[in-house]
Amino acid sequence: MLIRDRVTLVPHHDWTWLDSRCGHCGNPTNLAHIGSTPLFTMVDWDIPPQELGTQLIAVCVSCAGVNVFIEGTSTQFPPVRPGREVAGLPADVKAAWNEARAALAANAPVASEHMCRKLLIHIAAGEAKTVCSNFKEAVSALVEARVITEQMKPWVDRIRLNGNDAAHELEKPDPDRAKLTLEFTQQLLQIVYEMKHRLEQSAPKGR
């Protein structure tokens, strides 16, 4: 078994299996290594291309998506989206959540936080049945409607504050803060949508 950075190569008969997460479906699964090719860079037409390393090409056994790994680095295309799928999301919320995840995976933390902030006011409008003129009102509306508790308000409000900075301040992007914003948003989505969905799925028939 060969360990190359965060990808585990497991030889098996005529195939080599990569034990990693798929950048398409996000599942931690096996990926069939179907080939390798040198990675070159073209600096100038008058200068011969320089070899940077080796690209490992692998296919996910779950979704058949093609993934490319740069050997000896943590680089993967497409990159694995942070966060996870949340069950029970309405179609529009699911699309926005996936966009927030994809933005952070693409190294666009400002766009990710901005989308999380938009999700917050959308949830307030849908669950608290309140038309909010600003994002601060959205957080208060969620508490007043008992969608979230008073104890949960500080971390839900952090989604608003971080998203506000991302939307209005021209500052250096903060990937760590954006990751935290995404985690808080995922927790909110789980509480508002997923728990209800799982309860409905597990309810005894006829009750």
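Model, not experiment: these values are computed from the prediction.

Engineer: Sorry if this is basic, but what is going on with the pattern of salt bridges here?
Structural biologist: Tallied over the entire structure, the rule returns six salt bridges. In this structure, Glu-85 engages Arg-81 in a salt bridge whose closest nitrogen and oxygen atoms are separated by 3.5 Å. Taking the relative accessible area as the measure of exposure, Glu-85 reaches 37% and is therefore partly exposed. Glu-194 is the salt-bridge partner of Arg-198, the closest N and O atoms lying 3.6 Å from each other.

Engineer: Just to check I follow, could you spell out the environment of Ala-64 for this structure?
Structural biologist: Counting through the fold element by element, Ala-64 comes out in the loop between β5 (50-60) and β6 (66-70). Each C-alpha atom, one on Ala-64 and one on His-24, is 8.9 Å from the other, the two residues being 40 residues apart in sequence.

Engineer: Sorry if this is basic, but what is going on with the pairing of β6 here?
Structural biologist: Each regular strand shows side chains that alternate between the opposite faces of the sheet. Within β6, four of the five residues are buried, which leaves it mostly tucked inside the rest of the structure. Of the pairings in the sheet, the one linking β6 to strand β7 (residues 76-77) comprises two bridges and is antiparallel in character. Pairing of Val-68 across the sheet is with Phe-77, part of β7. Linking β6 to β7, which pair antiparallel, is a turn of five residues; within it Gly-72 sits at a positive phi near 85 degrees.

Engineer: Would you explain unusual backbone geometry in this entry?
Structural biologist: Excluding glycine, most residues fall at negative phi; most peptide bonds, likewise, are trans. The peptide bond linking Phe-77 to Pro-78 adopts the cis configuration, its omega dihedral lying at -10 degrees. Note that Pro-78 resides in the loop between β7 and α1 (91-105). Although it is not a glycine, Ala-64 adopts a positive phi angle of roughly 70 degrees. Notably, Asn-107 is not glycine yet its phi reads approximately 65 degrees, a positive angle. Mapped onto the elements, Asn-107 comes out in the loop between α1 and α2 (109-127). Judged by its relative accessible area of 62%, Asn-107 falls in the exposed class.

Engineer: How should I be thinking about α2 in this particular structure?
Structural biologist: Think of an α-helix as turning once every 3.6 residues; residues three or four places apart then point the same way. Its 19 residues place the ends of α2 27 Å apart at the C-alpha level, agreeing with the 27 Å of an ideal helix rising 1.5 Å per residue. A positive backbone phi angle near 55 degrees is found at Lys-129, which sits one or two residues after α2.

Engineer: Hey, could you run me through helix α5 (residues 175-202) in this one?
Structural biologist: Along its length, α5 reaches its greatest deviation from straightness, about 45 degrees, at Gln-190. Among the residues of α5, the N-terminal cap falls to Asp-174, whose side-chain oxygen and the backbone nitrogen of Asp-176 are separated by 3.2 Å.

Engineer: Please clarify how the confidence of the model for the protein chain should be interpreted in this entry.
Structural biologist: Note that predicted coordinates carrying low pLDDT should not be read in detail. In this model, the protein chain carries a mean pLDDT of 81, and residues with pLDDT of at least 70 account for 84%. Per-element averaging of pLDDT across the protein chain places strand β1 (residues 2-4) at the bottom with 39 and α1 at the top with 94. In the model, residues 1-7 has pLDDT below 50 throughout and makes 21 contacts with residues more than four positions away in sequence or in other chains.

Engineer: What's the story with the nonpolar core in this structure? I'm lost.
Structural biologist: Within soluble globular proteins, side chains that are nonpolar generally end up buried alongside one another. Residues Leu-142, Leu-188 and Leu-189 are the most contacted members of the largest nonpolar core, which totals 31 residues. Every element with two or more residues in this core is listed here: α1, α2, α3 (135-144), α4 (153-168) and α5. In terms of residue count, the dominant contributor to this core is α5 (seven residues). In this structure, Leu-142 is in contact with Leu-120, Ile-123, Ala-124, Ala-128, Val-147, Ile-148 and Val-156, ignoring residues within four places of it in sequence. Counting seven residues, the second-largest nonpolar core is a separate cluster that includes Leu-31, Leu-56, Ala-58 and Phe-69.

Engineer: Sorry if this is basic, but what is going on with the packing of α1 against α5 here?
Structural biologist: Two numbers describe a pair of packed helices, the interaxial angle and the distance between the axes. At a minimum axis distance of 10 Å, the contact between α1 and α5 shows a crossing angle of 160 degrees. It follows that α1 is roughly antiparallel to α5 by the angle criterion. Crossing handedness for the pair α1 and α5: left-handed. On α5, the residues touching Val-93, Trp-97, Ala-100, Arg-101 and Leu-104 of α1 are Pro-175, Ala-178, Lys-179, Leu-182, Thr-185, Gln-186, Leu-189 and Tyr-193. Class assignment of the residues belonging to the contact of α1 with α5 gives a composition of nine nonpolar, two polar and two charged.

Engineer: Even after reading the chapter, I still don't get the packing of aromatic side chains, so can you show me in this structure?
Structural biologist: Between two aromatic rings, the relevant description is the distance of the centres plus the angle of the planes. Counting across every chain of the model gives one aromatic pair. Taking 5.9 Å as the distance between ring centres and 35 degrees as the angle between the ring planes, the aromatic pair formed by Trp-155 and Phe-184 counts as tilted. Of the two residues, Trp-155 sits in helix α4 while Phe-184 sits in helix α5, which places them 29 residues apart along the sequence. Sitting above the plane of the Phe-135 ring, Arg-117 keeps its charged end 3.8 Å from the centroid.

About the thresholds
Residues numbered from 1 in each chain as written. Predicted model: local features only at pLDDT ≥ 70, side-chain atom pairs only at ≥ 80, totals over all residues. Heavy atoms only, no water. Salt bridge = Lys/Arg side-chain N within 4 Å of Asp/Glu carboxyl O. Buried < 20%, exposed > 50% of the residue type's maximum accessible area, 1.4 Å probe, protein only. Helix = DSSP H or I, 4+ residues; strand = E, 2+ residues; numbered from the N terminus. Pairing = 2+ DSSP bridges. Expected span 1.5 Å × (residues − 1). Bend = angle between axes of the 7 residues up to and from the residue. Polar contact = N/O pair within 3.5 Å; in protein donor to acceptor, adjacent residues only side chain to side chain. pLDDT = per-residue confidence, 0-100. Contact = heavy atoms within 4.5 Å. Core = buried A, V, L, I, M, F, W, Y, C linked by side-chain atoms within 4.5 Å. Axes fitted to C-alpha atoms, helices over the stretch in contact; angles between N-to-C directions. Parallel < 35°, antiparallel > 145°, perpendicular 65-115°, else oblique. Left-handed = near helix turned anticlockwise from the far one by under 90°. Nonpolar A, V, L, I, M, F, W, Y, C, P; charged D, E, K, R; others polar. Phe/Tyr/Trp six-rings, centres within 6.5 Å; stacked < 30°, edge-to-face > 60°. Lys NZ or Arg CZ within 6 Å of the ring centre and 35° of its normal.

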